[in-house]
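Residues per chain, in single letters:
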Amino acid sequence: MPVPIALIDCNNYYVSCERAFNPSLIGVPVVVASNNDGCAIARSQEAKDLGVRMGDPIHLIRDRLREHDVRVLSSNYTLYGDMHRRVVMSVQDFARDVEVYSIDETFLDMAGFEDRDLVVHARAMREQVRRWTSIPTCVGIAPTKTLAKLANRVAKKDPGLEGVADLRDEGHRRELMDVFPVDDVWGVGRATAARLEAMGITTASGLADMPMKQARGLGTVVLERLVAELNGIPAGVVETMEPQRKGMAVTRSFGSPVREFETLMGAIAQYAMRAGEKLRQHGLVAGRLTVFYHTSPHRPDLPPHSASASCSLSPMTSDGLELLDNARRLAGRKWRKDGAHAYVKAGLMLDDLVLEGERPRTLFEGDQTKRRALMEAMDAINAKYGRWTVVPAIQGFKREWKMRAENRSPAYTTRIEDVPIAYA
DNA sequence: TCTGGGGTCCTAGGACCC
DNA sequence: TCTGGGGTCCTAGGACCC
């Protein structure tokens, strides 16, 4: 019998974070918008009931939102990130080990807890999270991660379960999988679902019954592993060591379209400096840099242009100004001087990341001490006086490309001025 | 006026090597 | 008519995730 795996998943996470500090949002429809207030990325149950779907463009559903008095908030990742830390802290003692899977989901390795009533145990964990953070959650328990995801979904859908579904029993599991839509299975996306449905497979049970060889032929090893997991055979374990990350990106849509190179470079410069900061925070250096910018794919009436260029970085670096130099050269190389294009998004990606201490030395590198000290000084100033207190001049002052965030909540838990005050 | 920002893994196919 | 047989490494692109 494999070790039980539990998955705890926060309900309507971003909305729940907002509600934790703003009770007027409780019981009314709430939507949290993506960066640039672009689309709906989190909805309260009331908003889901009104038919607001994940990824709906806000500007296309504006009328319906207004009609039903839906509260629309800009996303506040500082708050969600800090609340996440608290949620993970709350669950830690309830498992042997945890794997943080995303900002709102954590897998738990339940080895050593098997002799307990795991359903009762999981309810106590939910209660702990609720008391410490006010965030509502659901828990799924099963022999594999894929089944734990499925169990979690079941727990979310059926209020009678009081937030916890235990799918360790195979007979019970089968009954539920017989009516579980195959496209809701973790790892089955649009393309795979379409292929499966063409073969008459529409439920999780149908996929579980597919012979392994057929699964391999239809998809890749990924689908083959998925079939194994649906049959209770673990193809992956709870990973407690954080894997070394391979790439990193800073990309943003602009608040309004950009037509001039100077303006574009202002944005790219900021992304480069931010990318350098991120590298240094993680103690990494990058070996490859890619810059891209493009026009709107949603505007077929305008001339399209998509530019992308990369170069390798030698010596490998985390120096923001070094990244900026390279980014400017690459961006300039692809720039079209006709002024006919309205760019809506740009970004910078870093690859071939290695730990700073494992950086390969090159033959002709000069003394980096001064530059490193400069970066440290900039980091220190920006940490103390706020992001973008010191910036390279090329970043500009007008920042007309800055993204929209018209209704962002305060940083309740991470800025002393924003901490809520309770009157006696 | 107007549609997010990150990530991972896998495979095919080309370049290059002996 | 016939055109070797492997290897490795890298990149682009697809699919999926939250």
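These remarks concern the structure in this document. Computed from a predicted structure; not experimentally measured. (Residues numbered from 1 in each chain as written. Chains lettered and ligands numbered in written order. Predicted model: local features only at pLDDT ≥ 70, side-chain atom pairs only at ≥ 80, totals over all residues. Heavy atoms only, no water.)

What follows deals with the pattern of salt bridges. Scanning the entire structure with this criterion turns up 21 salt bridges. Across the salt bridge formed by Arg53 and Asp56, the nearest N and O atoms sit 3.4 Å from each other. Looking at Arg53, the relative accessible area reads 56%, which means it is exposed. One connected set of salt bridges, linked through shared partners, spans Asp82, Arg85 and Arg86. (Salt bridge = Lys/Arg side-chain N within 4 Å of Asp/Glu carboxyl O. Buried < 20%, exposed > 50% of the residue type's maximum accessible area, 1.4 Å probe, protein only.)

Secondary-structure assignment places Pro360 in the loop between strand 13 (354–355) and helix 14 (369–385). Accessibility expressed as a relative area gives 46% for Pro360, which makes it partly exposed. With 44 residues separating them in the primary sequence, Pro360 and Met316 have C-alpha atoms 7.7 Å apart. Setting aside chain neighbours within four positions, we find Pro360 in contact with Met316 and Val354. (Helix = DSSP H or I, 4+ residues; strand = E, 2+ residues; numbered from the N terminus. Contact = heavy atoms within 4.5 Å.)

Around DNA strand C there are 13 residues in total, and Ser102, Asp104, Lys149, Gly187 and Thr192 lie nearest to it. Within 4 Å of the protein, the atoms of DNA strand C are drawn from sugar and phosphate moieties in a proportion of 100%. One of the side-chain nitrogen or oxygen atoms of Glu105 is found 3.2 Å away from a sugar or linking oxygen of DNA strand C. Interatomic distance of 3.3 Å between a side-chain N/O atom of Trp186 and a sugar or linking oxygen of DNA strand C. For the surface near DNA strand C, the elements supplying multiple residues, two or more each, are strand 5 (97–102) and helix 8 (190–198). Take the surface near DNA strand C: its biggest share by element is 3 residues, from helix 8. Class assignment of the residues belonging to the surface near DNA strand C gives a composition of 5 nonpolar, 4 polar and 4 charged. (Near = heavy atom within 4 Å. Polar contact = N/O pair within 3.5 Å; in protein donor to acceptor, adjacent residues only side chain to side chain. Nonpolar A, V, L, I, M, F, W, Y, C, P; charged D, E, K, R; others polar.)

This part covers the sheet that holds strand 3 (residues 40–43). Strand order in the open sheet formed by 3 strands is 3-2-4, with mixed pairing between adjacent strands. Across the chains shown, the open sheet's two edge strands, defined by having one partner strand only, are strand 3 and strand 4 (71–74). Looking at each pair of strands side by side, their axes are set apart by 30 degrees on average, direction ignored. Direction of pairing for strand 2 (residues 30–33) relative to strand 3: antiparallel, over a ladder of 3 bridges. Looking at strand 3, one finds that Val31 is bridged to Arg43. Sheet strands in contact with helix 1 (residues 13–21) are strand 2, strand 3 and strand 4, and its direction is about 110 degrees off that of strand 2. (Pairing = 2+ DSSP bridges. Axes fitted to C-alpha atoms, helices over the stretch in contact; angles between N-to-C directions.)

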